[in-house]
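Structural characterization, general
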Amino acid sequence: MAIRDDFEVAAGQVRAAVQRFALGLLVIAAFGAMLVGKADTVLVEHARVVALDLASPVLEAIARPVAVANRAIADLKEFASLREENARLREENARLLAWQTAARRLENENEGLRDLANFREGPEASFITARIVGDSVSAYVRGALLNVGRKVGVAPGQAVVTGEGLAGRIAEVGDNSSRVLFVTDVNSRLPVLIERTRERAILAGDNSARLRLTLLQSLAGVQRGDRIITSGDGGSFPVGIPVGEVVETGEGHVRVRPFADFSRLEFVRVVDYGVTGLVSSGHSTPSTPPGVAGQRVR
Amino acid sequence: MMKADGLLAVLDRWGRAALPGAALLFFVLLTLAPLRAPFLSNALPLLPALVVFQFSLATPERLPGPLLLAMGILLDLLLGGPGAPVGVSALGFVLIRAAVVANRRYLVGVPFLFQWFGFCLLALGFVILVWGFTALWTWTAIDPVPALIQYVVVVVIYPLIAPWLARVRARDPLNVPEPSRGTARPGETTS
């Protein structure tokens, strides 16, 4: 009897020791994971892609009900301003019809001139339409998960556009899923053109709703309302995708509002431009110089 | 000693044992749901921490450390962010559970307000931990305001969500006799 009691006491002590030890072990394991992630980025990318592929079917299953809920919320918001919205749209429609006429005329003229000049077009772009099945939005990252992946031809570095303009670029690709990094993400650097002046600049995100225009030759030429388009520098993006418009110019900084409305994205198109430029295919080893083609900068 | 259980009883026991882990997994995945509800979607990334806190209060033995580690790493992998530390949420979860278990005396069997206050403190610690490590790992000055907004929202909605997840034992004297401890095992409360 006494022996048994002793044994139980000892077992209890061992259990207590293991329990106390367990916390330390768990903390060490968590730190270990962080250090491994820091040391071996390729491994982590791989793990991210696997996790993404595993979670993607579940997310797709809940994407539809979530979309319905979102629509209900948006409807409620819009209901209040229906009349003003209608008037605004009618006015915009009239304006766009005028533009359409102008565009048709210019297209014809352009075609004729190209024939004359023997102009060779750049690579033809094709589109992959994707549903957004997950947000990867937190206080530290701006992005989304798509339900398309390597199997249909998505590759890292491809541009992701909405009807309004550029949304971001593909950062990670799994077999049936991929992750977009929005232009508003703090890691996003995008070579752009100011449409009016044809001046080149870099558009940088900082996790807020507005983008920063940096590395500009001269700030003086930029005006409010200037449209910003992709410049195609670095070769991974098509030229001339609308990105946003300048909403604020001050000393030393220019703020740009993106055209894409990130608060109501449901479907996007991935632009397959044929070339993925500096983004190496296969393994996405981050070995590119900073500030190129909206790639990640570490 | 143990009676041969019916199928239902077995299922019931398994279900109870699996509930906290399943709830945590659900909220980890919900973090990614593209929900666009104002404010609520801000707080989504912190809901797993809320789940960990609540079940650590109610049934910490059904939320073992290795499970928390795995879930935290999964959350970090899924939420992404180039260069962000993978495992910082795991560290946060483990620390939340340890803090709750070590302070059960002040958190279990006390008025709800105390639990809320406890959550305020621990969630703040969690947010600061994640923010700090993310800033350190990416070596950038990250704007702390979005993280603080997340924090405020999750603290405000805690009373709405927590009672649905798990009911913590009702108010009772701290020196409860052994038989009335309910599901809590002896030795679970560290002294």
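**Examining the overall build of chain B**
Across its full length, chain B carries 8 helices and 0 strands. Taken over 191 residues, chain B has a buried fraction of 50%. Partitioning the intrachain contacts of chain B with sequence separation of at least 6 by distance along the chain shows that 76% fall at a separation of at least 24. Of the roughly 9600 Å² of accessible surface on chain B, 72% is carried by carbon and sulfur atoms.

**Details of the sheet that holds strand E7 (residues 199-204) of chain A**
Residues and elements named next belong to chain A. Within the closed barrel, the 6 strands sit side by side as E6-E7-E8-E11-E10-E9. Their pairing is antiparallel. Neighbour to neighbour, the strand axes of the sheet diverge by 45° on average, direction disregarded. Relative to E7, strand E6 (residues 189-194) runs antiparallel, the two sharing 6 bridges. Within E7, the residue paired with Pro191 across the bridge is Ile202.

**Observations concerning the packing of aromatic side chains**
The description of an aromatic ring pair rests on the distance of the ring centres and on the angle between the ring planes. This model, assessed by the stated rule, comprises 10 aromatic pairs over all chains. Relative to Tyr158(B), the ring of Phe112(B) lies with its centre 5.8 Å away and its plane at 15°, an arrangement referred to as stacked. Pair noted here: Phe112(B) is in helix H7 (residues 112-138) and Tyr158(B) is in helix H8 (residues 144-165), with a separation of 46 residues, a long-range link. With a relative accessible area of 34%, Phe112(B) lands in the partly exposed category. The class for Tyr158(B) is buried, based on a relative accessible area of 0%. Each residue in the set Phe53(B), Phe112(B), Trp116(B), Phe119(B) and Tyr158(B) is aromatic and connected to the rest through ring pairs, giving one cluster. Here the guanidinium or amino end of Arg269(A) rests over the ring plane of Phe127(A), the centre of that ring lying 4.1 Å away.

**Describing helix H4 (residues 65-79) of chain B**
All names here are of chain B. Taking 1.5 Å of rise per residue, 15 residues should cover 21 Å, and H4 covers 21 Å from first to last C-alpha, within 8% of that figure. Along H4, the residues classified as buried are Gly65, Leu68, Leu69, Met71, Gly72, Leu75, Asp76, Leu77, Leu78 and Leu79. Once H4 ends, the next one or two residues include Gly80, with phi positive near 70°.

**Notes on the interface of chain A and chain B**
With 44 residues of chain A at the contact, the number on the chain B side is 43 residues. Taken over both partners, the interface formed by chain A and chain B buries close to 3600 Å², and the fraction arising from carbon and sulfur atoms is 70%. Considering only the side of chain A, the residues that lose the most area to chain B are Met34(A), Arg48(A) and Tyr140(A), jointly responsible for 20% of the buried surface there. Between chain A and chain B we count 0 salt bridges in total. On the surface where chain A and chain B come into contact, there are 7 residue pairs in polar contact (both at pLDDT 80 or more). When residues of the side of chain A that touches chain B are traced back to their parent elements, those giving at least two are helix H1 (2-39), helix H2 (41-80), strand E1 (126-135) and strand E5 (178-182) of chain A. For the side of chain A that touches chain B, the element with the most residues is H2(A), which contributes 14 residues. For the side of chain A that touches chain B, the residue count by class is 30 nonpolar, 6 polar and 8 charged.

**Describing the confidence of the model for chain B**
Any region with low pLDDT has predicted coordinates that should not be read closely. All names here are of chain B. Of all residues in chain B, 83% attain a pLDDT of 70 or more, and the chain-wide mean is 80. Of all the helices and strands in chain B, helix H2 (residues 40-43) carries the lowest mean pLDDT, 74, while helix H5 (residues 88-102) carries the highest, 90. Ignoring residues within four places in sequence, the model shows residues 172-180, a span with pLDDT below 50, making 6 contacts including any to other chains.

**Section: the nonpolar core**
With 72 residues, the main nonpolar core has Leu47(B), Leu50(B), Leu57(B), Phe119(B) and Val154(B) as its most contacted residues. Contributing elements (two or more residues each) for this core: H1 and H2 of chain A together with helix H1 (7-30), helix H3 (47-58), H4, H5, H7 and H8 of chain B. Residue contributions to this core peak at 10 residues, all from H8(B). With near-sequence residues (within four places) excluded, Phe119(B) lies in contact with Ala49(B), Leu50(B), Phe53(B), Leu124(B), Val154(B), Val155(B) and Tyr158(B). Counting 39 residues, the second largest nonpolar core, distinct from the first, contains Ala130(A), Ile132(A), Val148(A) and Leu190(A).

**Description of H7(B)**
All names here are of chain B. Compared with the 39 Å implied by 1.5 Å per residue over 27 residues, the 38 Å span of H7 between its first and last C-alpha is a close match. Those residues of H7 that fall on the buried side of the exposure criterion are Gln115, Gly118, Phe119, Cys120, Ala123, Phe126, Val127, Val130, Phe133, Thr134, Ala135 and Trp137. Phi turns positive, to about 50°, at Trp139, one or two residues after H7.

**Some words on unusual backbone geometry**
Although it is not a glycine, Arg198(A) sits at a positive phi angle of roughly 60°. With respect to the helices, strands and loops of the structure, Arg198(A) is situated in the loop between E6 and E7.

**Things to note about the pairing of strand E8 (residues 211-214) of chain A**
Residue and element names in this part refer to chain A. The alternating pattern of E8 places Leu211 and Leu213 on a buried face and Arg212 and Thr214 on a face that is not buried. Bridge count between E7 and E8: 3 bridges; the pairing is antiparallel. Paired with Leu203 across the bridge in E8 is Leu213. Hairpin connection from E7 to E8: 6 residues lie between these consecutive antiparallel strands, with Asn207 at a positive phi of about 70°. Pairing geometry for E8 and strand E11 (residues 253-258), over 3 bridges, is antiparallel. For Leu213, the partnering residue across the bridge sits in E11 and is Val254.

**Looking at the pairing of E6(A)**
Residue and element names in this part refer to chain A. The buried fraction of E6 amounts to 5 of the 6 residues, a majority that puts the element mostly inside the structure. Hairpin connection from E6 to E7: 4 residues lie between these consecutive antiparallel strands, with Arg198 at a positive phi of about 60°. Bridge analysis of E6 against strand E9 (residues 227-230) gives 3 bridges, and the strand direction is antiparallel. Paired with Ile194 across the two strands is Ile228, which belongs to E9.

The rules behind each value
Residues numbered from 1 in each chain as written. Chains lettered and ligands numbered in written order. Predicted model: local features only at pLDDT ≥ 70, side-chain atom pairs only at ≥ 80, totals over all residues. Heavy atoms only, no water. Helix = DSSP H or I, 4+ residues; strand = E, 2+ residues; numbered from the N terminus. Buried < 20%, exposed > 50% of the residue type's maximum accessible area, 1.4 Å probe, protein only. Contact = heavy atoms within 4.5 Å. Areas by Shrake-Rupley, 256 points an atom, 1.4 Å probe, with all protein chains shown as cover. Pairing = 2+ DSSP bridges. Axes fitted to C-alpha atoms, helices over the stretch in contact; angles between N-to-C directions. Phe/Tyr/Trp six-rings, centres within 6.5 Å; stacked < 30°, edge-to-face > 60°. Lys NZ or Arg CZ within 6 Å of the ring centre and 35° of its normal. Expected span 1.5 Å × (residues − 1). Buried area = accessible area lost by both parts, 1.4 Å probe. Salt bridge = Lys/Arg side-chain N within 4 Å of Asp/Glu carboxyl O. Polar contact = N/O pair within 3.5 Å; in protein donor to acceptor, adjacent residues only side chain to side chain. Nonpolar A, V, L, I, M, F, W, Y, C, P; charged D, E, K, R; others polar. pLDDT = per-residue confidence, 0-100. Core = buried A, V, L, I, M, F, W, Y, C linked by side-chain atoms within 4.5 Å.

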